[in-house]
Amino acid sequence: MTAEAVLANRVDLRGYPHRLLSVVSHRGIGGDQVTQALAAAEVPESFGWELVTVSEFASSRLVHAVLRRR
């Protein structure tokens, strides 16, 4: 799911069947993408998800926040 969709409250994880998910940020550059990914990763925390790691893939210029269901 995109960080933009999470931050705009357009994501519903109630029916999501898996234990892991990735929030991808593709807006902005460098630090802006990391900030957006982390901000979006905070939203699902109140629904039982926890941040596992944040990775930046230089070849695709995307930042992924990986979360795990508690």
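Before reading further, recall that the structure is shown in the block above.
Residues numbered from 1 in each chain as written. Predicted model: local features only at pLDDT ≥ 70, side-chain atom pairs only at ≥ 80, totals over all residues. Heavy atoms only, no water.

Student: Would you explain the environment of Ala39 in this entry?
Tutor: Mapped onto the fold, Ala39 is located in helix H2 (residues 31-42). C-alpha separation for the pair Ala39 and Asn9, spaced 30 residues apart in sequence, amounts to 12 Å. (Helix = DSSP H or I, 4+ residues; strand = E, 2+ residues; numbered from the N terminus.)

Student: Sorry, what's going on with the pattern of salt bridges here?
Tutor: Counting across every chain of the model gives two salt bridges. With a shortest N-O distance of 2.7 Å, Arg14 and Asp12 are connected by a salt bridge. Between Glu50 and Arg68 there is a salt bridge, and its shortest N-O distance comes to 3.2 Å. Separated by 18 residues along the polypeptide, Glu50 in strand S2 (residues 49-57) and Arg68 in strand S3 (residues 62-69) bring together distant segments of the chain. On the basis of relative accessibility, which here comes to 30%, the residue Arg68 falls in the partly exposed class. (Salt bridge = Lys/Arg side-chain N within 4 Å of Asp/Glu carboxyl O. Buried < 20%, exposed > 50% of the residue type's maximum accessible area, 1.4 Å probe, protein only.)

Student: Is there a simple way to think about the packing of aromatic side chains in this case?
Tutor: Two measures describe an aromatic ring pair: the distance that separates the ring centres and the angle between the ring planes. Here the structure, examined in full by the defined rule, presents one aromatic pair. Between Tyr16 and Trp49 the ring centres are 5.9 Å apart and the planes differ by 55 degrees, which places this aromatic pair in the tilted class. Highlighted residues: Tyr16 in the loop between helix H1 (3-7) and strand S1 (20-25) and Trp49 in strand S2, separated in sequence by 33 residues. Looking at Tyr16, the relative accessible area reads 28%, which means it is partly exposed. (Phe/Tyr/Trp six-rings, centres within 6.5 Å; stacked < 30°, edge-to-face > 60°.)

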